[in-house]
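Architecture at a glance
Residues per chain, in single letters:
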Amino acid sequence: MEPLVDAWGREIKSLRVSVTDRCNFRCKYCMPAEGLEWLPRDEVLDYEEIARLVRLTAGMGVDEVRLTGGEPLVRRDVPELVRLLAQTPGVRDLSLTTNGILLDKLAGPLVDAGLRRINVSLDSLSHVRFAEITRRDALDRVLRGLEEAERFPELRPIKINCVAIKGFTETEVPALAELARRKPYVVRFIEFMPLDADEVWRTDQVLSGAEIRALIEAEFGPLVELPAKPSSTSKRFAFADGVGELGFVNPVSEPFCSTCDRIRLTADGQLRTCLFSRREWDLKTPLRAGSTDDELAALIRWAVQHKELKHRINDPGFVRASRSMSQIGG
Ligand code: SAM
């Protein structure tokens, strides 16, 4: 089949699949403390439905698939989905983003099912601050999960995602940087985006990648820049004397929309062409109404034709996305 190309000439190579909107954490920058309604179960795509849509997009050139949520590991039998997707022709790179709390039990089954790459979200190595940001006392379990993941050499790289928030993250930076120096992890700082359900995001809460890099270099000395793929969301750096790597994902201070090659499938089968989309493309209804592969492929192509040129976070009059991060799939 023809590759999937949007109206601005960007070829779509990457699909993020949310397997559930549910989560066992309540990170302040993502979810409210309580009160977010879950999708009814019958609205959520089953594994065969997800696998069919992945197979279709892979047939149009998507070769990178990332499972996310909500928290993907709270969905029952996720390794079974991994097994299905790992066998899909064209899927070259299958990864998963998790808060890590269930990894101590699931790292082995996920690797066994064919998972080869993992991102673990971890914003602080202090018990108090971890609980403050996630509203859960679970740091030790996440660290155990990371250790378990490290036992499997097939699962590389292990990336750690830290959301960088002004007034919170500055004190966490030295310990997180030290983790990347000491361990074979890629520790990535991601700028806080206006996708929080509480809608407290303000421009002055964004701690930029440049500011964090300056904090790290002041403590550890100059970092060495590493080459990155053109479609990469992150700038990569190494320590002169370290094992792991650092990354800075700067969607607010240095947007990378011009090389964006991603689309997203929500847990309820809506295709989103940008994190900040106000519009979604319903794939679930035609999928369940018996549409053929060709009909679904045409719908996906049509949606991609309408992919947004860029997010408008920094523009006056910016309007937030139609759903918050945990409902979209980060
Ligand atoms: N539960 C999984 C996890 O914790 O990684 C997967 C879903 S989570 C929504 C995916 C990623 O989005 C996490 O790394 C999280 O830190 C990030 N995230 C959530 N809200 C964000 C925001 N407002 N700005 C930037 N990143 C955010």
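About the thresholds
- Residues numbered from 1 in each chain as written.
- Predicted model: local features only at pLDDT ≥ 70, side-chain atom pairs only at ≥ 80, totals over all residues.
- Heavy atoms only, no water.
- Axes fitted to C-alpha atoms, helices over the stretch in contact; angles between N-to-C directions.
- Helix = DSSP H or I, 4+ residues; strand = E, 2+ residues; numbered from the N terminus.
- Parallel < 35°, antiparallel > 145°, perpendicular 65-115°, else oblique.
- Left-handed = near helix turned anticlockwise from the far one by under 90°.
- Contact = heavy atoms within 4.5 Å.
- Nonpolar A, V, L, I, M, F, W, Y, C, P; charged D, E, K, R; others polar.
- Salt bridge = Lys/Arg side-chain N within 4 Å of Asp/Glu carboxyl O.
- Core = buried A, V, L, I, M, F, W, Y, C linked by side-chain atoms within 4.5 Å.
- Buried < 20%, exposed > 50% of the residue type's maximum accessible area, 1.4 Å probe, protein only.
- Near = heavy atom within 4 Å.
- Polar contact = N/O pair within 3.5 Å; in protein donor to acceptor, adjacent residues only side chain to side chain.
- Areas by Shrake-Rupley, 256 points an atom, 1.4 Å probe, with all protein chains shown as cover.
- Pairing = 2+ DSSP bridges.

Things to note about the packing of helix α3 (residues 103-113) against helix α5 (residues 139-150)
When two helices pack together, their arrangement is given by the angle between their axes and by how far apart the axes lie. Put simply, α3 and α5 touch, their axes get as near as 8 Å, and they point 20 degrees apart. Classified by the angle between their axes, α3 and α5 sit roughly parallel to one another. Pair α3 / α5 crosses with right-handed handedness. Along the contact surface, α3 presents Leu 103, Asp 104, Lys 105 and Ala 107, while α5 presents Arg 141, Arg 144, Gly 145, Glu 148 and Ala 149. Of the residues in the contact of α3 with α5, the class split is three nonpolar, one polar and five charged.

Details of the pattern of salt bridges
According to the stated counting rule, one finds 32 salt bridges in the structure shown. Residue Arg 52 is joined to Asp 293 by a salt bridge in which the shortest nitrogen-to-oxygen separation is 2.8 Å. One end of the pair, Arg 52, is in helix α1 (residues 47-59); the other, Asp 293, is in helix α9 (residues 293-305), with 241 residues separating them in the sequence. When the shortest N-O distance is used, the salt bridge between Asp 63 and Arg 92 registers 3.2 Å. Of this pair, Asp 63 sits in the loop between α1 and β2 (64-68) while Arg 92 sits in the loop between α2 (78-86) and β3 (93-98), and the two are 29 residues apart along the sequence.

Some thoughts on the packing of helix α6 (residues 173-182) against helix α7 (residues 209-220)
Relative to each other, α6 and α7 sit at 70 degrees, their axes nearing to 10 Å. Taken as axis vectors, α6 and α7 run roughly perpendicular relative to one another. On α7, the residues touching Val 173, Pro 174, Ala 177, Glu 178 and Arg 181 of α6 are Ile 212, Leu 215, Ile 216, Glu 219 and Phe 220. Split into classes, the residues belonging to the contact of α6 with α7 amount to seven nonpolar, no polar and three charged.

Let's talk about the nonpolar core
Generally speaking, nonpolar side chains in soluble globular proteins are found buried as a group. In this structure, Val 17, Val 187, Phe 189, Ile 216 and Leu 246 are the most contacted members of the largest nonpolar core, which totals 98 residues. Per element, the largest residue contribution to this core is seven residues, and it comes from α1. Among all residues touching Ile 216, those that are not within four sequence positions of it are Val 173, Ala 177, Phe 189, Gly 221, Leu 223, Phe 239, Leu 246 and Phe 248.

With respect to the site of the ligand
Near the ligand lie 18 residues; those nearest to it are Tyr 29, Gly 70, Glu 71, Ser 121 and Met 193. Between the ligand and the protein, one listed contact pairs an oxygen atom with a backbone N or O atom of Asn 99 at 3.5 Å. Note that a nitrogen atom of the ligand is positioned 2.9 Å from one of the backbone N or O atoms of Met 193. A total of 540 Å² of accessible area belongs to the ligand in isolation, and the protein chains cover 94% of it. Counting only elements with at least two residues in the shell around the ligand, the list comes to β3 and β5 (158-164). In terms of residue class, the shell around the ligand is built from seven nonpolar, nine polar and two charged.

A look at the environment of Leu 56
Secondary-structure assignment places Leu 56 in helix α1. Take Leu 56: its relative accessible area is 2%, and that puts it in the buried class. Residues Leu 56 and Arg 264, spaced 208 residues apart in sequence, show a C-alpha to C-alpha distance of 14 Å. In contact with Leu 56, not counting residues within four places along its chain, are Met 1, Asp 293, Leu 296 and Ala 297.

Here we look at the sheet that holds strand β7 (residues 224-226)
Spatially, the 12 strands line up as an open sheet ordered β7-β8-β9-β6-β5-β4-β3-β2-β1-β10-β11-β12, and their pairing is mixed. The open sheet has two edge strands, β7 and β12 (281-282), and neither has a second partner. As defined by bridge partners, β2 adjoins β3 across four bridges and the pair is classed as parallel. Counted as the bridge partner of Arg 66 is Ser 95 from β3.

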